[in-house]
Amino acid sequence: MKDKNGSKRATVGKVLKIVKRLDAGFLPLMIVTKLVAAIQPYLLLWTGSRILDMVIAKRAMEEIVSWATVVTLEILLLNIVRWALENTLSVKRHMLRERITRLISEKSLQLDYEVLEKNETLELIHKAKEGMNSNGDIGSFCEQLGSVAECFAGLVYALILFLGVCIPTKNSNTDFLTSVLNTWWSPFLLVAVAGLILLCRLWIQKARGVQSQKNFERNVRYNRRFSYFFGFLARYKDGKDIRLYQMQDMITEGLKECNQNNEKNARIMMRESNRYMVFNQLLFLLLQMGSYLYVGLKAIAGLISVGGVLQYVGAFGRICDNIGKITGVFVTVEIQSKYLALFEDFMELENKKYEGTLPIEKRDDNRYEIEFRDVSFRYPNSPDYVLSHVNAKLCIGEKTAIVGQNGAGKTTFIKLLCRLYDPTEGEILLNGINIKLYDYKEYMSLFSIVFQDFQLFAFSIAENVATSMEYDEQRIVESIEAAGLGERLKELPEGIRTNVFQLQENGVEISGGEAQKLAIARALYKDAAFVVLDEPTSALDPVAEYDIYKRFDDLVKEKTAVYISHRMSSCRFCNNIFVFDEGRIVQKGSHEALMKEDGLYQRLWNAQAQYYR
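These numbers were taken from a predicted model, which means no experiment stands behind them. (Residues numbered from 1 in each chain as written. Predicted model: local features only at pLDDT ≥ 70, side-chain atom pairs only at ≥ 80, totals over all residues. Heavy atoms only, no water.)

Peer 1: I'd love a proper account of the packing of helix H15 (residues 473-482) against helix H17 (residues 512-526), names of residues and values included.
Peer 2: Geometry of a packed helix pair, given as the angle between the helix axes and the separation of the axes. Packing of H15 against H17 leaves a shortest axis separation of 8 Å and a crossing angle of 130°. Relative to H17, the element H15 lies oblique. Of the two elements, H15 crosses H17, and the hand of that crossing is right-handed. From H15, Arg475, Ile476, Ser479, Ile480 and Ala482 reach across to H17, where they touch Leu518, Ala521, Leu524, Tyr525 and Lys526. Partitioning the contact of H15 with H17 into residue classes produces 7 nonpolar, 1 polar and 2 charged. (Axes fitted to C-alpha atoms, helices over the stretch in contact; angles between N-to-C directions. Helix = DSSP H or I, 4+ residues; strand = E, 2+ residues; numbered from the N terminus. Parallel < 35°, antiparallel > 145°, perpendicular 65-115°, else oblique. Left-handed = near helix turned anticlockwise from the far one by under 90°. Contact = heavy atoms within 4.5 Å. Nonpolar A, V, L, I, M, F, W, Y, C, P; charged D, E, K, R; others polar.)

Shown next as structure tokens:
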């Protein structure tokens, strides 16, 4: 079993390395700020005790005022320095938070699709975010470490102020109590009592930390569910179904259930917290009473001055307070390290896809051929095969149609083709070489794919088509016109610079059909060797679909094209057709050849024939 303390230290070390990489000056500035903040209360305490002794000793008013003025100016200077440091730290902490968010985003974008799609990964991301939101982010974690430095510095300052009470003084009173109080070891009696009380407080803080962890584990699944329901308020497109089917009560009930569970957990936490707070306050009261009794008896015996009473009581209270804070900070660091370990686990997720190094041969004639050789595939954590012993070739320059009923494995075939997943069994070859051996980015550059669940993003139309901030305006317009969206483009005041969605200024909402045409324009703009349409026309009527496929067939010319559809119209333009059924290719051939067979293709065609006449 992994040592918990070792694990915690490892997490702290890794977090500090991340912080140093993102902003090397953040933690040193944090510590300096904490050290400056630590000295102020002790300077006030020492100043107050001196002024009190000077007043009792009836020193000259000018001397008292002059001395107090100097100290006040010193405190004012410290406040100005502290203010400047804390403002700088606040800016740096905000920047660190932004950089951490960017780090998470970059990590997510670098993960293999297969890894990112796993439920375990999605759960880990949610827990990492939830943990940092509930218990402090990395900036808060660093602040806790800075608090350790502040507490240790405060402990040193307090000990310096308290040491005077340990020094025996000359005194004519020789009774037993006075003699004991005037020894160098007498303060250890108070320290022993304080140590016992602080150990009890440490146990209480640990118990409170365990309770907090349990509460977090209970809340995390309810918060995820709550976020899902609450998200409907921002996803205004969902409003149509909600209103049409009158789902308001269902969603409200879901929110209510989540709120009730969260409130229940909050009440449990509050009861536990109150119980720990009562014990803490009682122990602190005992500690104060002990310090007042000890210092008060020394004052009565004439061993310390009245100002000394103020100084030593305050200093002892600060000693105990700092020791308590140090133990509390360590408990907090231990708790936070558990949450940050989730963040660390996410950042250390490794891609499992084999990264080849072979370059793709650059060919102007697009002479590329892909072969599926006895390929079978099942999704992670699933016992069932989605594809089984698939053998197929995508021949150079040919138009291939992939047809079959929903769930037959058509889209999975394309995911394997572009290496979003690797085959469970068998291999896929490009020009006779296993595609795993090729450089992944170069291999991906061969494909322009429009998935049925394609996405547009809150960028301009041009940036959505080019998938880049830099683009060729003429080619953008040509691609959009070729996809059949030229007339709509002319209606937009900003043209290709019009933003998609209303997240930004001049943003517009577009219909499902228009979105699909933009996605097709994106595929055309990339101008890749292989072009794949994975049911992108599902939102269009059969006539519009026919127009898209006919237009697209003319545009791709000599390119190797793959059309996937549950509608059979795409087959008219294809040299070859693969018919999928339950994860297998059950028929291959041209439209004419397959229509002569008494098979699945003929049945599917006849069932939809009314749409093609």
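Having seen the model, we can carry on.
Peer 1: Run through the environment of cysteine 395, naming residues and quoting values.
Peer 2: Relative to the helices and strands, cysteine 395 resides in the loop between strand E2 (387-394) and strand E3 (399-404). By relative accessible area, which is 22% here, cysteine 395 ends up partly exposed. Measuring from C-alpha to C-alpha, the distance between cysteine 395 and asparagine 576 comes to 9.3 Å, with 181 residues separating the pair along the chain. For cysteine 395, the contacting residues outside a window of four places in its chain are Glu369 and Thr560. (Buried < 20%, exposed > 50% of the residue type's maximum accessible area, 1.4 Å probe, protein only.)

Peer 1: Give me the lowdown on the sheet that holds strand E1 (residues 370-377), citing residues and values where you can.
Peer 2: Read across the open sheet, the 4 strands follow the order E2-E1-E4-E5; overall the sheet is antiparallel. One side of each edge strand has no neighbouring strand; the edge strands of this open sheet are E2 and strand E5 (433-434). Strand contacts of helix H12 (residues 410-417): E1, E2 and strand E4 (425-430), with the helix running at about 120° to E1, the strand carrying the most contacts. (Pairing = 2+ DSSP bridges.)

Peer 1: Tell me what's going on with empty space enclosed by the protein, and back it up with residues and numbers.
Peer 2: All chains considered together, the criterion is met by 2 cavities of 30 Å³ or more. Of the voids in this model, the largest cavity is the one considered here, and its volume is about 80 Å³. Residue lining of the largest cavity: Ile461, Ile480, Leu485, Arg488, Leu489, Leu492, Val508, Ile510, Glu514 and Leu518, and that is the complete set. By residue class, the composition of the lining of the largest cavity is 8 nonpolar, no polar and 2 charged. (1 Å grid on protein atoms, 1.4 Å probe; cavity = no way out; pocket = protein on both sides within 12 Å on 5 of 7 lines; lining within 4 Å. Points joined across faces, edges and corners; volume = space filled by probe spheres on them.)

Peer 1: Summarise the sheet that holds strand E7 (residues 530-534); cite the residues concerned and give the values.
Peer 2: Spatial strand order, E6-E7-E8-E3-E9-E10: 6 strands in an open sheet with mixed pairing. Lying at the two open borders of the sheet, with one neighbouring strand each, are strand E6 (447-450) and strand E10 (584-589). Strand-to-strand twist in this sheet, taken as the mean axis angle between neighbours without regard to direction, amounts to 15°. In this structure, E7 lies alongside strand E8 (residues 560-565), joined through 5 bridges in parallel fashion. Each bridged residue has a counterpart across the sheet, and for phenylalanine 530 the counterpart in E8 is threonine 560. Packed on one face of the sheet, H12 meets E3, E6, E7, E8 and strand E9 (576-581) and runs near 135° to E3.

Peer 1: Please provide a residue-by-residue account of the confidence of the model for the chain, values included.
Peer 2: One rule of thumb: low pLDDT means the predicted coordinates there are not for detailed reading. Of the residues in the chain, 75% have a pLDDT of 70 or more, and the chain-wide mean is 77. E1 holds the highest mean pLDDT among the elements of the chain, 94, whereas helix H9 (residues 239-244) holds the lowest, 58. (pLDDT = per-residue confidence, 0-100.)

Peer 1: Which residues make up the pairing of E7, and what values do they have?
Peer 2: Summarising burial for E7: 5 of the 5 residues are buried, a large majority. A two-sided burial pattern is seen for E7, the buried positions comprising Phe530, Val532 and Asp534 on one face and Val531 and Leu533 on the other.

Peer 1: Any details on unusual backbone geometry? Residues and values, ideally.
Peer 2: The backbone of histidine 389 shows a phi angle near 50°, a positive value even though the residue is not glycine. With respect to the secondary-structure elements, histidine 389 resides in strand E2. Here histidine 389 falls in the partly exposed class, since its relative accessible area comes to 42%. The phi torsion at aspartate 527 lies on the positive side, around 55°, for a residue other than glycine. Position of aspartate 527 relative to the elements: it lies in the loop between H17 and E7.

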